[in-house]
Amino acid sequence: MPVLVVNVDHVATIRQARMGREPEPVTAAHLAELGGAQGIIVHLREDRRHIQDRALQLLRETLSTNLHLEMAATREMQDIALRTSPHMICLVPEKREELTTEGGLECQGREAFIRDYLAPFQEQNICTSLFIDADPHQIDAAAESGADYVEIHTGSFADAKDVVIRQQELEKIITGIGHARSLGLKVNLGHGLNYKNILAFARIPDVSEYSIGHSIVSRAVMVGMARAVEQMVRIINGFVD
């Protein structure tokens, strides 16, 4: 049965707008757990634009569910992640000028580098994931790299303005899920998913986790974090009879 993991980065984004002390992403994470989230995601960026090192450590110490860490494949982030020992790390592309992650990681041609980079995590029994587009070549490369999971980038589907294009992107993702599973990879989905477009994935098998942040945080501003998460959990639970 698929589960919801909640990204609380944008709680920290609100805080950083005033460079103050609130809202606290750690508190938001605990409220998300109360709402039924089965994991919490944070992306510790090189420029620390939202999540800070302190929050990562506090989450590791206080969460009752799994901690997922999104990160660039740098030596600094590798050292931090190995010290923190989250349940899962997910390698993502990262550019300073982007508002949010714009696409999947380029794995093709970098299989040996990624395999070597992931090895210390696997030695510590930390799950490993790669955030990639639903491209068969990238999926093949992810499998060759030895990752445990792929998180398929759903942004092109979520951002599509045309119904025909949206359906084409959905079909690419569905095909990608099947291809990844055939290679022994577990599959998560994330980026741009919200309370409406996630319904397109109802009854689609072999999805382990849905990674959702911005939409839940946006609704939480209006109704509270626990309630916003509870509403999304109810939708996802309805995917399985």
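Position numbers for residues start from 1 in each chain and track the written sequence from start to end. In view of the model being predicted, local features appear only for residues whose pLDDT reaches at least 70, and side-chain atom pairs are presented and counted only at 80 or more, with totals across whole chains, interfaces and linings using the full set of residues. Each side-chain value is derived from all of the structure's non-hydrogen atoms; neither hydrogens nor water enter the calculation.

Attention now moves to the overall build of the protein chain. Each helix corresponds to a stretch of at least 4 residues labelled H or I by DSSP, and each strand to a stretch of at least 2 residues labelled E; elements are numbered beginning at the N terminus. Scanning the protein chain for helices and strands turns up ten helices and eight strands. For this measure, only C-alpha atoms enter the radius of gyration; the expected value for a globule follows 2.2 Å times N^0.38, where N is the number of residues. Its C-alpha atoms give the protein chain a radius of gyration of 17 Å, within 12% of the compact-globule value 18 Å for 241 residues. For each residue, the accessible area found with a 1.4 Å probe, counting protein chains only, is set against the maximum for its type, and the residue is called buried under 20%, exposed over 50%, and partly exposed in between. Sorting the 241 residues of the protein chain into buried and exposed places 50% on the buried side. Contacts in the protein chain between residues at least 24 apart in sequence constitute 67% of all its contacts with a sequence separation of at least 6. For the protein chain, the exposed area adds up to about 11400 Å²; of that, 50% sits on carbon and sulfur atoms. His is not counted, nor are the chain ends, whereas Lys and Arg count as positive and Asp and Glu as negative. The atom standing in for a charge is NZ when the residue is Lys, CZ when it is Arg, CG when it is Asp and CD when it is Glu. For the protein chain, the distance from the average site of its 24 positive side-chain charges to the average site of its 33 negative ones is 6 Å. When checking whether two residues touch, look at their non-hydrogen atoms; a contact exists if any pair is within 4.5 Å. Accessible surface area values rest on a Shrake-Rupley calculation with a 1.4 Å probe, where residue burial reflects the displayed protein chains alone.

Another point: a nonpolar patch on the surface. Candidate patch residues must exceed 30% relative accessible area and have no salt bridge, after which like charges are joined if within 9 Å and Val, Leu, Ile, Met, Phe, Trp or Tyr side chains if within 5 Å. Each reported salt bridge corresponds to a side-chain nitrogen of Lys or Arg within 4 Å of a carboxyl oxygen of Asp or Glu. A cluster of nonpolar residues, Ile-14, Val-221, Met-222 and Val-223, forms a patch on the protein surface that exposes about 390 Å² of accessible area. Element by element, the count of residues in the nonpolar patch is highest for helix α9 (residues 214-223), at three residues. As for its position among the elements, Ile-14 is in helix α1 (residues 9-16).

With that settled, the discussion passes to the nonpolar core. Core analysis: the biggest nonpolar cluster contains 68 residues, and Leu-130, Leu-189, Phe-201, Tyr-210 and Ile-216 have the highest contact counts within it. For this core, the element with the highest residue contribution is helix α10 (residues 225-237), accounting for six residues. Each residue touching Tyr-210, except ones within four places of it in the same chain, is listed here: Pro-2, Val-3, Leu-4, Val-5, Leu-189, Leu-193, Ile-198, Phe-201, Ile-236 and Phe-239. In this text, buried Ala, Val, Leu, Ile, Met, Phe, Trp, Tyr and Cys residues form a nonpolar core when linked through side-chain atoms within 4.5 Å.

Further remarks concern the environment of Val-150. Summarising the element assignment, Val-150 is placed in strand β6 (residues 149-153). Note on Val-150: relative accessible area 0%, which makes it buried. Distance from Val-150 to Glu-106, taken between C-alpha atoms, is 12 Å for residues 44 residues apart in sequence.

Right, let's talk about α1 for a bit. Residues of α1 that are buried: Asp-9, Val-11, Ala-12, Arg-15 and Gln-16. Viewed along the axis of α1, the buried residues span an arc of 160 degrees, placing them on a single side of the element. For α1, the elements touching its buried residues are β1 (3-7), α2 (25-34), β2 (39-43), α9 and α10. This arc describes the spread of directions from the helix axis toward the C-beta atoms.

Once that is clear, we can look at α9. Among the residues of α9, those classed as buried are Ser-215, Ile-216, Val-217 and Ala-220. On its buried face, α9 is in contact with β1, α1, β8 (209-212) and α10. Two residues or fewer past α9, Gly-224 is found with a positive phi of approximately 100 degrees.

None of this, on its own, says anything about what the molecule does.
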